[in-house]
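Chain residues, written in single-letter form:
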Amino acid sequence: MGKLIINEWVKLFRRAGTMVLVGIVILMVLGIGAFLKYEEIQNPPQENQNWKQDLTVQIEGDRAALEETGQNNANLKMFYERQIAINEYQIEHDLAPETNYNVWSFISENMGAIGFIGVFTIIIAAGMVSSEFSWGTIKLLLIRPMNRSKILLSKYITVVLFGVMMLTILYVVSAVVGLALFGLPEESLPHLAFVNGEVVERSLFLNLIGEYFLSSIDVLMLATMAFMISAVFRNSSLAIGLSLFLMFMGSSITMLLAARYEWAKYILFANTNLAVYFDGVPPVEGMTLTFSIVMLFLYFVLFQLLAFFVFSKRDVAA
Amino acid sequence: MTSVLTLKNVKKTIKRKTIINGLSFSVLEGEVFGFLGPNGAGKTTTIRMIVGLMEISEGDIVICGKSIKDDFTGAIRHIGAIVENPEMYKFLTGYQNLMQYARMHNGISKGKIAEVVELVGLTDRIHEKVKTYSLGMHQRLGLAQCLLHDPKLLILDEPTNGLDPAGIREIRDHLRMLTRERGMSVIVSSHLLSEMELMCDRIAIIQNGELIDVQTVNEFIDGETALFSFETGLINKPEVTWLKSEWDATITESGFTVETAREKIPGLIKKLTAKGVDLYGVKTIAKTLEDRFLEVTSK
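Residues numbered from 1 in each chain as written. Chains lettered and ligands numbered in written order. Predicted model: local features only at pLDDT ≥ 70, side-chain atom pairs only at ≥ 80, totals over all residues. Heavy atoms only, no water.

## Some remarks on the pattern of salt bridges
Between side chains of opposite charge, pairing is possible as soon as their charged atoms come close.
All names here are of chain A.
1) Next: This structure, assessed with the given rule, holds 18 salt bridges over all chains.
2) Next: Of the charged contacts in the structure, one is a salt bridge between Lys11 and Glu132, with a shortest N-O distance of 2.7 Å. Remark: Glu132 occurs in helix α6 (residues 114–135) and Lys11 occurs in helix α1 (residues 2–13); sequence separation between them is 121 residues.
3) Next: A relative accessible area of 2% means that Lys11 is categorised as buried.
4) Next: Look at the salt bridges and you will find they share partners, linking Glu8, Lys11, Glu132 and Lys155 into a network. (Salt bridge = Lys/Arg side-chain N within 4 Å of Asp/Glu carboxyl O. Helix = DSSP H or I, 4+ residues; strand = E, 2+ residues; numbered from the N terminus. Buried < 20%, exposed > 50% of the residue type's maximum accessible area, 1.4 Å probe, protein only.)

## Let's talk about unusual backbone geometry
Most peptide bonds take the trans configuration, and most residues that are not glycine carry a negative phi.
Residue and element names in this part refer to chain B.
1) Next: Phi at Arg16 takes a positive value of approximately 65°, unusual for a residue other than glycine.
2) Next: With respect to the secondary-structure elements, Arg16 resides in the loop between β1 (3–14) and β2 (17–28).
3) Next: Residue classification places Arg16 among the exposed residues on the basis of a relative accessible area of 86%.
4) Next: A positive phi is found at Asp248, a non-glycine position, where the angle reads about 60°.
5) Next: If you trace the backbone, Asp248 turns up in the loop between α9 (237–247) and β12 (250–251).

## Here we look at the packing of aromatic side chains
Each aromatic ring pair is summarised here by two numbers: the centre-to-centre distance and the angle between the ring planes.
Residue and element names in this part refer to chain A.
1) Next: According to the stated counting rule, one finds 15 aromatic pairs over all chains in the structure shown.
2) Next: With 5.3 Å between their ring centres and 15° between their planes, Tyr261 and Trp263 make a pair best called stacked.
3) Next: Since its relative accessible area comes to 47%, Trp263 is described here as partly exposed.
4) Next: Measuring from centroid to centroid gives 6.3 Å for Tyr299 and Phe303, while their planes differ by 50°, and the two rings are tilted. (Phe/Tyr/Trp six-rings, centres within 6.5 Å; stacked < 30°, edge-to-face > 60°.)

## Points about the interface of chain A and chain B
1) Next: Every contact between the two is made by 29 residues of chain A and, on the other side, 29 residues of chain B.
2) Next: Note on chain A versus chain B: buried area summed over both sides is about 2800 Å², and carbon and sulfur give 57% of it.
3) Next: Summed over the three residues of chain A that lose the most area to chain B, namely Ile143, Arg144 and Pro145 of chain A, the buried surface amounts to 24% of that side.
4) Next: A salt bridge links Lys139 of chain A to Glu84 of chain B, with the nearest nitrogen and oxygen atoms 3.7 Å apart.
5) Next: Secondary structure elements with two or more residues in the side of chain A that touches chain B: α1, α6, α7 (138–141) and α8 (148–182) of chain A.
6) Next: Ranked by residues supplied to the side of chain A that touches chain B, first place goes to α1 of chain A with six residues.
7) Next: Classifying every residue of the side of chain A that touches chain B by side-chain character gives 14 nonpolar, four polar and eleven charged. (Contact = heavy atoms within 4.5 Å. Buried area = accessible area lost by both parts, 1.4 Å probe. Nonpolar A, V, L, I, M, F, W, Y, C, P; charged D, E, K, R; others polar.)

## Points about the UniProt feature "transmembrane region" (unreviewed entry) in chain A
Residues and elements named next belong to chain A.
1) Next: With numbering aligned to this structure, UniProt lists the feature "transmembrane region" (unreviewed entry) at residues 12–36, 113–135, 156–182, 212–233, 240–259 and 289–311.
2) Next: End-to-end, the C-alpha atoms of residues 12–36 are 33 Å apart, and along that stretch the chain is 92% helix and 0% strand.
3) Next: Between the C-alpha atoms that bound residues 156–182 there is a distance of 38 Å. The span itself is 100% helix and 0% strand. (UniProt positions renumbered as here; feature names shortened; annotations may be inferred.)

## Some details on the environment of Asn106 of chain B
1) Next: Locating Asn106 of chain B in the fold gives a position in the loop between α3 (94–102) and α4 (110–119).
2) Next: The spatial distance from the C-alpha of Asn106 of chain B to the C-alpha of Arg77 of chain B is 9.7 Å, given a sequence separation of 29 residues.

## Describing the pairing of strand β13 (residues 255–260) of chain B
Residues and elements named next belong to chain B.
1) Next: Burial runs high along β13: five of the six residues are buried.
2) Next: Pairing geometry for strand β11 (residues 226–232) and β13, over six bridges, is antiparallel. Residue pairing in the sheet places Leu227 in a bridge with Glu259 of β13.
3) Next: Sheet topology note: the β12/β13 ladder contains two bridges and is antiparallel. Bridged to Thr250 within β13 is Thr257.
4) Next: Between the end of β12 and the start of β13, which pair antiparallel, lie three residues. (Pairing = 2+ DSSP bridges.)

## What to know about the sheet that holds strand β3 (residues 32–36) of chain B
All names here are of chain B.
1) Next: With mixed pairing, the six strands of this open sheet are ordered in space as β6-β7-β8-β3-β9-β10. Each having just a single partner strand, β6 (79–82) and β10 (210–216) make up the two edges of the open sheet. With direction set aside, neighbouring strand axes in the sheet form an average angle of 15°. (Axes fitted to C-alpha atoms, helices over the stretch in contact; angles between N-to-C directions.)

## Remarks on the sheet that holds β1 of chain B
Residue and element names in this part refer to chain B.
1) Next: With respect to topology, four strands assemble into an open sheet ordered β2-β1-β4-β5, the strand pairing being antiparallel. Pairing within the sheet leaves two strands with one partner each, and these edge strands are β2 and β5 (66–67).
2) Next: In this sheet, strand β4 (residues 58–63) lies alongside β1 in antiparallel orientation, the contact comprising five bridges. Bridge pairing links Lys11 to Glu58 in β4.
3) Next: Contacts from helix α1 (residues 43–50) reach β1, β2 and β4, with the element oriented near 115° to β1.

## Looking at the domain arrangement of chain B
1) Next: The domain architecture assigned to chain B consists of domain 1 (3–217) and domain 2 (223–294).
2) Next: Computed over C-alpha atoms, the centres of domain 1 of chain B and domain 2 of chain B are 43 Å apart. (Domains from an automatic or database assignment.)

## Considerations on the confidence of the model for chain B
1) Next: Mean pLDDT over chain B works out to 83, with 93% of the residues at or above the 70 mark.
2) Next: Looking at the elements of chain B, mean pLDDT is at its lowest for helix α8 (residues 217–222) of chain B, recorded as 58, and at its highest for α3 of chain B, recorded as 92. (pLDDT = per-residue confidence, 0-100.)

## Focus: a nonpolar patch on the surface
Residue and element names in this part refer to chain A.
1) Next: Residues Phe245, Phe248, Met249 and Ile253 make up a contiguous nonpolar surface patch of about 400 Å² in total accessible area.
2) Next: Position of Phe245 among the secondary structure elements: in helix α11 (residues 236–260).
3) Next: Classification of Phe245 by relative accessible area gives partly exposed; the value is 48%. (Patch = residues over 30% accessible without salt bridge, like charges linked within 9 Å, V, L, I, M, F, W, Y side chains within 5 Å. Areas by Shrake-Rupley, 256 points an atom, 1.4 Å probe, with all protein chains shown as cover.)

The following block contains the structure:
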């Protein structure tokens, strides 16, 4: 099994295209860093002495909004309640909002790039099985003393490893660039999270790793779906197209549906953002972390079963 | 001699259409077995079933005592194959391609890889990317790929497709060497008859998914009678009539031809000289495999 994964890894990284993807991620982080540093030099941040008054004004505004719209909309209600609770907590514990840009804010900023990693991982996953067919090498690959399911599993593991590697690169490069350009914050502030109606302090470093992990769950699910389409239809364009479409449109469509229908909670994309259970509001009221995990697991198993069943049974005529 | 491969009443149906209808034959140890048939006869489908790329609808295929259906890995480890063109990873070097396959079998050493590369004559170019290879080098790398694990049975589907005469000759020499010196069995499929004649010990002809005939190459060509061509001087009328009525001869520009058994030739020559016909030469016109093939398949 290990040797099969080495094989896939070699095939992946001996192609120029893969290295380009890795390069893009690194360049992107450097670019964002340079841009933010330039901004910071142009407009140096000002220490805000009156932050307590400002926050109080904001709290009052939020309270009014909560009275007005909040009662009809569970999501907005939760949103305002969260804002108010966190701001009150800051005033109470004398935690001034961080004004200086630092390494943590930079890493957090770059979480937006996980979307790109999602796209890249989908591209890799979509080509994993279908390109063996289009190259014709599938004929030499499947006549070895290895079961087809083992070969498919090694390919899937390679996709997951690729995704994990890209995320690690993003996090580590962001940390290095962030440290070099912006440095550590003067005093280490905790991350304030809103859980079950209470404000909790968390370590920033661990919180960021956790957030990276949570935001990559939809990448994992979409890559798994692309991999399944690739194995079932042997067509990488279809796999890339469909997965990217769902990646960009899936959550908006789900949100639209979730506002009206309760069954929207069974849609894959209603469950991919697990971060809402740690710090935020779920798309449909009454959804729980356990529910989402079970749904994700069911989708995962469905994709895998389809891929493995079709791949092991198929006649190779190409 | 023990048989390396046995097909037992193998059938293949795709979408209710029968592609292969009950093939049974065996390939013995150390022989080159030809698989001959017109395009679309089912050669490639049969080969794909033997190597497990396609499922068998009915019947069974046994390789070195292991059924490809029940013990796929046990059976396939004795096979080295090229199915149609040997497609390789073009972005890898020849050596990296071989490493891919070496990792999928147990116990293939660096030395073994070097030995196989040497055998197919790719030592100079093995560390170059496959996209720079010519068609002939592709074929040689393909051959190297299937020899890595010392298989008992080599399956080559159209191995000389697209090769020049020198390349074809080379493949032929490799096959002779592998069967004579290493006791491998080889299955070769082709529709190029003249080539099969030179390569194979036995030939199976299939048509429309059915086995028509399995024969050893020599008996396949010779048959009972043969065609003889006589080169003579001018033949006079009475002799012509005599030849036509007694021998069923065909008069040609340089003499005549006769279809008869070999042992009757000396008698004919004596009679011709007695009749005063000038005789310059006699030769057999061997029926080519092509003639026989067309004869058998058009029945």
